[in-house]
Amino acid sequence: MSATWKSHQRKLAPWLFLAPGILMFMIYVIIPIFQSMWISFYDWDGLGEAQWIGLANYVELIDDDAFYTSLKNNVLWLVLYMLAVPAGLLIAIFLNQTIWGMRFYKSLFFFPFVISQVVVGLIFSWFYAPGFGLLYGIIESLTGQGIALLADDRYVTYGIIAAGLWPQIAYVMILYLTGLNNVAPDQVEAARLDGAKGWKMLWYVVLPQLRPATFIAVVVTVIGALRSFDLVSVMTDGGPYGSSRVLSFYMYEQALSEYGYRMGYGAAIAVVLFAIMMIFISGFIWKMWRDETER
């Protein structure tokens, strides 16, 4: 045994360190994913006996208007949430300077990331509130009539997305600030000697070295857009009239709220949400891998 360990020590040691993390990941992530898929084929209230119904939950989704509203809102979240990536990059570049007071400015931009999403939701609910909300007052002073943003089904989703972008941009900014610290200064200096500056310097020298940070930023932004449960719950509870629902919130309504207790139907929504997430993330990973192999 000791001879085998000594001969394979370098190969086995990393796996021994990784084993606890892999085990926890399997128990709390991989296995529940497959359990959710299995539950989606049942009619189950979470307590009684589950009844096998095959694809009936997925067939019901096809004719569910609330599901399509949630799906449409999730697509909107995905598209607009991607603004966090370029915005976080630009702020990181601005903050990556050695000037007086920069630490104070960094702390201001970092602040939204460290506060709870529930607090963010409450802040923006007050910001939008009719009567005393700052945004309401500004619109009223400019147009003569304020807009109750969270009570208007035309604008409510955009208002919640704006609230979510505030901490998300801060998160992406932190990722890019870390990446900018690893940019090779010799490459930047060589590019300057060749006359590169401004957008050319950013596009051809800095961004290629920020690929790992960009990959993480895109992945966490996609996941953040698709799991946008907390802000919807705090700010509107899915209203008005269900117009601000997203798939994660609709899944909760069907499976765990007093309106549902339909674990199978909620699991079917969760499977659809997981499939959308995997399509986006897998597509981006494939593009990153293709770009790396073509270099």
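Remember, predicted model here, so these are calculated numbers, not experimental data.

Participant: Even after reading the chapter, I still don't get helix H11 (residues 198-209), so can you show me in this structure?
Facilitator: Because the α-helix completes a turn every 3.6 residues, residues three or four places apart line up on one side. Between its first and last C-alpha atoms H11 spans 16 Å; for 12 residues at 1.5 Å apiece the expected length is 16 Å, and the two agree. Of all the positions in H11, only Met-201, Leu-202, Val-205 and Val-206 are classed as buried. Projected onto a plane normal to the axis of H11, the buried residues spread over an arc of 130 degrees and lie on a single side. Those residues of H11 that are exposed and aimed more than 90 degrees away from the buried face are Trp-199, Lys-200, Trp-203 and Tyr-204. Where H11 is buried, its residues contact helix H5 (84-95), helix H9 (156-180) and helix H10 (185-193).

Participant: Can you walk me through the side chain of Asn-73 in this structure?
Facilitator: Its location among the elements puts Asn-73 in helix H4 (residues 65-81). The buried category is assigned to Asn-73, whose relative accessible area is 2%. Contacts of Asn-73, omitting those with residues within four sequence positions, involve Thr-157, Ser-243, Ser-244, Arg-245 and Val-246.

Participant: Is there a simple way to explain helix H7 (residues 117-128) in this structure?
Facilitator: With 12 residues, H7 extends 16 Å from end C-alpha to end C-alpha; this agrees with the ideal 16 Å at 1.5 Å per step. If you check which residues of H7 are buried, you get Val-120, Gly-121, Phe-124, Ser-125 and Tyr-128. When H7 is viewed along its axis, its buried side chains cluster within an angular range of 135 degrees and face the same direction. Where H7 begins, the side chain of Ser-116 points an oxygen toward the backbone nitrogen of Val-118, at a separation of 3.1 Å.

Participant: I'm lost on the nonpolar core in this one. Help?
Facilitator: Nonpolar side chains in soluble globular proteins tend to end up buried together. Core analysis: the biggest nonpolar cluster contains 65 residues, and Trp-77, Ile-160, Tyr-176 and Met-235 have the highest contact counts within it. Broken down by element, this core gets its largest block of residues, 12 residues, from H9. Those residues in contact with Trp-77 that lie beyond four places of it in its chain are Thr-157, Ile-160, Ile-161, Ala-225, Ser-228, Leu-231, Val-232 and Val-246.

Participant: How do you make sense of the environment of Glu-292 when you look at a structure like this?
Facilitator: Structurally, Glu-292 is set in helix H15 (residues 263-294). The class for Glu-292 is partly exposed, based on a relative accessible area of 39%. Spatially, the C-alpha atom of Glu-292 lies 9.7 Å from that of Arg-211, the residues being 81 residues apart in sequence.

Participant: What is the right way to read the packing of H4 against helix H14 (residues 247-255) from this model?
Facilitator: The axes of two packed helices give the description: the angle between them and the distance between them. Here H4 crosses H14 at 150 degrees, and the two axes come no closer than 8 Å. Classified by the angle their axes make, H4 and H14 are roughly antiparallel. Across the interface between the two elements, Ala-66, Phe-67, Ser-70, Leu-71 and Asn-74 of H4 pack against Leu-247, Ser-248 and Tyr-250 of H14. Here the contact of H4 with H14 is built from residues that sort into five nonpolar, three polar and no charged.

Participant: Would you take a moment to explain a nonpolar patch on the surface for this structure?
Facilitator: Taken together, Trp-15, Leu-18, Ile-22, Leu-23, Met-24, Phe-25, Met-26, Ile-27, Tyr-28, Val-29 and Ile-31 make up a surface patch of nonpolar side chains, about 1,100 Å² in accessible area. Along the chain, Phe-25 falls in helix H2 (residues 9-39).

Participant: Could you clarify how one ought to interpret the packing of H7 against H9 in this entry?
Facilitator: The geometry of H7 relative to H9 is characterised by a closest axis approach of 10 Å and an angle of 130 degrees between their N-to-C directions. Classified by the angle their axes make, H7 and H9 are oblique. Two packed elements cross with a definite hand, and for H7 against H9 that hand is right-handed. Here H7 contributes Gln-117, Val-120, Ile-123, Phe-124 and Tyr-128 to the contact with H9, which in turn contributes Gly-159, Ala-162, Ala-163, Trp-166 and Pro-167. For the contact of H7 with H9, the residue count by class is eight nonpolar, two polar and no charged.

Participant: So what exactly am I meant to see when it comes to the pattern of salt bridges here?
Facilitator: Where charged atoms of side chains with opposite charge meet at close range, the side chains can pair. Across all of its chains, the model carries three salt bridges by this definition. As a salt-bridge pair, Glu-60 and Arg-262 come within 2.8 Å of each other at their nearest N and O atoms. Residue Glu-60 is found in helix H3 (residues 56-62), and its partner Arg-262 is found in the loop between H14 and H15; the two are separated by 202 residues along the sequence. Judged by its relative accessible area of 27%, Arg-262 falls in the partly exposed class. Between Arg-154 and Asp-152 there is a salt bridge, with the nearest N and O atoms lying 2.8 Å from each other.

Participant: How should I be thinking about the packing of aromatic side chains in this particular structure?
Facilitator: Aromatic ring pairs are defined here through the distance separating the ring centres and the angle between the ring planes. Applying the stated rule across the entire model yields 17 aromatic pairs. Taking 6.0 Å as the distance between ring centres and 50 degrees as the angle between the ring planes, the aromatic pair formed by Phe-41 and Tyr-58 counts as tilted. Of the two residues, Phe-41 sits in the loop between H2 and strand E1 (42-43) while Tyr-58 sits in helix H3, which places them 17 residues apart along the sequence. Seen from their ring centres, Phe-229 and Tyr-252 are 5.2 Å apart, and the 75 degrees between their planes marks the pair as edge-to-face. Pair noted here: Phe-229 is in helix H13 (residues 229-235) and Tyr-252 is in helix H14, with a separation of 23 residues, a long-range link.

Here is what the cut-offs are and how they apply
- Per-chain numbering applies: the sequence of each chain, read as written, is numbered from 1 onward.
- Since the coordinates come from a predicted model, pLDDT governs what is reported: local features require at least 70, and pairs of side-chain atoms require 80 or more to be given and counted, while whole-chain, interface and lining totals use all residues.
- Computation of side-chain values covers all heavy atoms of the structure but excludes hydrogens and water.
- Runs of E in the DSSP output that reach at least two residues are strands. Runs of H or I that reach at least four are helices, and both are numbered from the N terminus.
- A helix is expected to span 1.5 Å for every residue after the first.
- Any residue under 20% of the maximum accessible area for its type is buried, any over 50% is exposed, and the rest in between are partly exposed; the area is computed with a 1.4 Å probe on protein chains only.
- What the arc describes is the spread of directions from the helix axis to the C-beta atoms.
- When checking whether two residues touch, look at their non-hydrogen atoms; a contact exists if any pair is within 4.5 Å.
- Whenever a nitrogen or oxygen atom comes within 3.5 Å of another N or O atom, the pair is scored as a polar contact, on the condition that within protein one atom can donate a hydrogen and the other can accept it, and that pairs from neighbouring residues in sequence are kept only if both atoms are in side chains.
- Take the buried Ala, Val, Leu, Ile, Met, Phe, Trp, Tyr and Cys residues and link them wherever side-chain atoms come within 4.5 Å; each set so joined is a nonpolar core.
- Each axis is a line fitted through C-alpha atoms, taken for helices only over the stretch in contact, and angles between the N-to-C directions span 0 to 180 degrees.
- Each angle receives one of four descriptions, namely roughly parallel if under 35 degrees, roughly antiparallel if over 145, roughly perpendicular if within 65 to 115, and oblique otherwise.
- Residues are grouped as follows: Ala, Val, Leu, Ile, Met, Phe, Trp, Tyr, Cys and Pro are nonpolar; Asp, Glu, Lys and Arg are charged; every other residue, Gly included, is polar.
- Like-charged residues within 9 Å of one another, or nonpolar side chains (Val, Leu, Ile, Met, Phe, Trp, Tyr) within 5 Å, are grouped into patches, provided each residue has over 30% relative accessible area and no salt bridge.
- Here the open area of atoms and residues is found with the Shrake-Rupley method and a 1.4 Å probe, where only the protein chains shown may cover a residue.
- The salt bridge criterion pairs a side-chain nitrogen of Lys or Arg with a carboxyl oxygen of Asp or Glu, the two atoms within 4 Å.
- Rotating anticlockwise by less than a right angle from the far helix to the near helix defines a left-handed crossing, while the corresponding clockwise rotation defines a right-handed one.
- A pair of Phe, Tyr and Trp rings is counted when the ring centres sit within 6.5 Å of each other, with Trp represented by its six-membered ring. The angle between the planes then sorts it: under 30 degrees is stacked, over 60 is edge-to-face, the rest tilted.

Limitation: the analysis is restricted to geometry and does not speak to function.
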